[in-house]
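# Survey of secondary and tertiary structure
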Amino acid sequence: MTPTHVGRRAALVTGASRGIGLGIARGLADAGYDLTVSARDAARLEKSAGALADAGGRVHRVPADMAVEDDVRRLAAEHAQHHGRLDVLVIGAGVGSAGALEQTTTKRYDLQFAVNVRAPFVLLQHSLPLLRKTAAADPERGSKVIALSSITGVAAEPDLAAYGAAKAALISLCRSVNSEASAQGVCATAICPGYVDTDMSAHVRDRIDPSRMIRIEDVVELALSVTRLSACAVVPEIVVTRPGDQLWRA
Ligand SMILES: NC(=O)c1ccc[n+]([C@@H]2O[C@H](COP(=O)([O-])OP(=O)(O)OC[C@H]3O[C@@H](n4cnc5c(N)ncnc54)[C@H](OP(=O)(O)O)[C@@H]3O)[C@@H](O)[C@H]2O)c1
């Protein structure tokens with residue numbers, strides 16, 4: 001095992017090649033974290049990781065498909081091997097597809113649950129021992145899990161039944177982490193935004209002006225704030241909605 005640079009915290013970020021995950025990875029790199037970053041597209045991940053390394057920390061890349069259980073296990077193992085501690089686990093990788101409940105195929109449902117719920121469950125199973133160990137070594141700060149859920153996990157949105165159900169399950173997983181591990185310093189937060197201007201929301205740009213969507217930087221700011229909290233403050237969920245007369249919608 002190669003220990004992380006003395007005194008440097010380490011984070012594992014999935015979905016780190018673009019969008020919100022990349023934004024959080026950049027914020028963590030600038031805050032002095034060593035990183036493990038993951039996504040499927042190896043070439044894109046390499047490019048993103050190169051830019052993250054400019055901040056001066058160590059950046060380990062793990063191309064992996066969160067729909068494949070062996071990849072999820074390998075990701076947790078590689079992080080532990082390279083960094084030896086886990087201060088922040090960011091569950092960023094996610095997929096969504098829109099469609100009325102009656103028209104959503106079980107294949108689409110299964111993919112969304114595989115990436116948005118099953119992978120986080122397996123990743124948590126394999127990361128909790130190191131999260132607990134890291135928290136025990138730093139009882140004031142503890143260690144953090146930050147999961148990118150969605151406002152659709154809190155309030156139902158037409159045409160997003162499978163996605164919303166998966167994101168609600170992710171919120172529940174974070175609550176379970178808090179009930180099982182927050183007393184030992186491992187605290188989980190599900191960030192639940194409405195539409196953020198990324199590739200994932202490109203399909204609604206014709207009806208929602210991207211300049212009126214939540215900024216990636218807004219979500220990054222919230223995530224970084226959570227990482228700075230003491231282990232005495234548990235924040236189970238943060239809901240972020242867009243301005244307007246209907247607040248409980250994506
Ligand atoms: N954008 C929004 O409006 C919005 C709102 C609320 C919540 N969220 C949530 O925030 C998270 C990030 O969203 P985003 O908008 O930043 O998405 P994005 O721009 O589409 O980026 C998704 C990231 O996840 C990776 N990814 C996708 N499928 C994967 C898989 N099967 N295995 C491993 N990595 C995978 C992608 O890389 P590869 O394609 O190379 O794998 C990419 O790095 C998601 O969980 C999403 O559900 C987004």
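Okay, so let's go over this structure. Numbering of residues starts from 1 in each chain and follows the order in which that chain's sequence is written. Two thresholds apply to this predicted model, a pLDDT of at least 70 for residue-level local features and 80 or more for giving and counting side-chain atom pairs, whereas whole-chain, interface and lining totals are computed over all residues. Heavy atoms from the whole structure form the basis of all side-chain values; hydrogens and water molecules are not counted.

## Considering helix α2 (residues 42-53)
By definition, any uninterrupted DSSP run of H or I lasting at least four residues is a helix, any uninterrupted run of E lasting at least two residues is a strand, and each is numbered from the N terminus. A helix's residues, less one, multiplied by 1.5 Å, set its expected span. Over its 12 residues, α2 extends 16 Å from the first C-alpha to the last, a length consistent with the 16 Å expected when each residue adds 1.5 Å. Inspection of α2 places Leu-45, Ser-48, Ala-49 and Leu-52 among the buried residues, and these make up the whole buried set. For α2, the arc enclosing every buried residue in end-on projection is 100°, short of the 170-degree limit, so these residues lie on one face. Exposed residues on α2 whose side chains face more than 90 degrees from its buried face are Ala-43 and Lys-47. Contacts are residue-level and defined by heavy atoms, with any inter-residue pair within 4.5 Å sufficient. Considering only its buried residues, α2 is in contact with α1 (19-30), β2 (34-39) and β3 (59-63). Throughout, exposure labels follow a simple rule: accessible area from a 1.4 Å probe, protein chains only, divided by the maximum for the residue type, with under 20% read as buried, over 50% as exposed, and the rest as partly exposed. An arc is given here, and it is the one of the directions from the helix axis to the C-beta atoms.

## Digging into the side chain of Thr-198
Position of Thr-198 relative to the elements: it lies in the loop between β6 (186-193) and α6 (216-227). In contact with Thr-198, not counting residues within four places along its chain, are Gly-19, Ile-20, Arg-205 and Ile-216.

## Quick word on the nonpolar core
For soluble globular proteins, the rule of thumb is that nonpolar side chains tend to be buried together. Put simply, a nonpolar core is a bunch of buried Ala, Val, Leu, Ile, Met, Phe, Trp, Tyr and Cys residues held in one set by side-chain atoms that sit within 4.5 Å of each other. Grouped together as the largest cluster of nonpolar side chains are 32 residues, with contacts concentrated most on Met-66, Leu-89, Leu-123, Val-145 and Val-186. At the level of elements, α3 (69-83), β4 (88-91), α4 (106-137), β5 (143-148), α5 (161-181) and β6 are the ones that each hand at least two residues to this core. A per-element tally of this core places α4 first, with 9 residues. When near neighbours in sequence (up to four residues on either side) are disregarded, Val-186 contacts Leu-128, Leu-131, Arg-132, Ala-135, Ser-143, Val-145, Val-177, Asn-178 and Ala-181. Judged by nonpolar contacts, the second largest core, of 30 residues, contains Ala-11, Leu-28, Tyr-33 and Ile-214.

## So, empty space enclosed by the protein
Think of a 1 Å grid over the protein atoms and nothing else: a 1.4 Å probe that fits but is trapped marks a cavity, an open set flanked by protein within 12 Å on at least five of seven lines marks a pocket, and residues with an atom within 4 Å of a point count as lining. Grid points are joined across faces, edges and corners, and a volume is the space filled by probe spheres set on the points. Scanning the entire structure with this criterion turns up 1 cavity of 30 Å³ or more. Volume-wise, the largest cavity comes out at about 30 Å³. Lining of the largest cavity is provided by Lys-144, Cys-187, Thr-189, Val-226, Leu-229, Ala-233, Val-234 and Val-235. Note on residue classes: Ala, Val, Leu, Ile, Met, Phe, Trp, Tyr, Cys and Pro are nonpolar, Asp, Glu, Lys and Arg are charged, and everything else, Gly too, is polar. When grouped by side-chain class, the residues that make up the lining of the largest cavity number 6 nonpolar, 1 polar and 1 charged.

## Re the site of the ligand
Within the structure, the ligand sits among 30 residues, and Ser-17, Arg-18, Arg-40, Tyr-163 and Thr-198 are positioned closest to it. Backbone polar atom of Ile-20 to an oxygen atom of the ligand: 2.7 Å apart, as the coordinates give it. In the model, an oxygen atom of the ligand is placed 2.7 Å from a nitrogen or oxygen of the Arg-40 side chain. The Shrake-Rupley method, run with a 1.4 Å probe sphere, supplies the accessible areas, and residue values consider only the shown protein chains as cover. Within the complex, 95% of the 880 Å² of free accessible area of the ligand lies under protein. Here the ligand is seated within the largest pocket. When the residues that make up the shell around the ligand are grouped by side-chain class, the tally is 14 nonpolar, 10 polar and 6 charged. Being near a molecule or strand, for a residue, comes down to having at least one heavy atom within 4 Å of it. Polar contact criterion, stated in full: a pair of N or O atoms within 3.5 Å, where within protein one must be able to donate a hydrogen and the other to accept it, and residues adjacent in sequence count only if both atoms are side-chain atoms. Whether a molecule sits in a cavity or pocket is decided by its atoms, more than half of which must lie within 2 Å of the grid points.

## Some details on the packing of α1 against α6
Look at α1 against α6: their axes get within 9 Å of each other, and the N-to-C directions meet at 45°. Accordingly, the angle class assigned to the pair α1 and α6 is oblique. In the crossing of α1 with α6, the sense of the turn from one axis to the other is right-handed. Touching Gly-19, Ile-20, Gly-23, Ile-24, Gly-27 and Leu-28 of α1 are Ile-216, Val-219, Val-220, Ala-223, Leu-224 and Thr-227, all from α6. Interaxial angles span 0 to 180 degrees and are taken between N-to-C directions of axes, which are lines fitted to C-alpha atoms, for helices over the stretch in contact. For classification, angles of less than 35 degrees are called roughly parallel, those exceeding 145 degrees roughly antiparallel, those between 65 and 115 degrees roughly perpendicular, and all remaining angles oblique. Crossing chirality is assigned from the near helix's rotation relative to the far helix, an anticlockwise turn below a right angle marking it left-handed and a clockwise turn marking it right-handed.

## Some thoughts on unusual backbone geometry
Of note in this structure, Asp-159 is not a glycine but carries a positive phi near 70°. Of note, Asp-159 is situated in the loop between β5 and α5. The exposure class of Asp-159 is partly exposed, given its relative accessible area of 42%.

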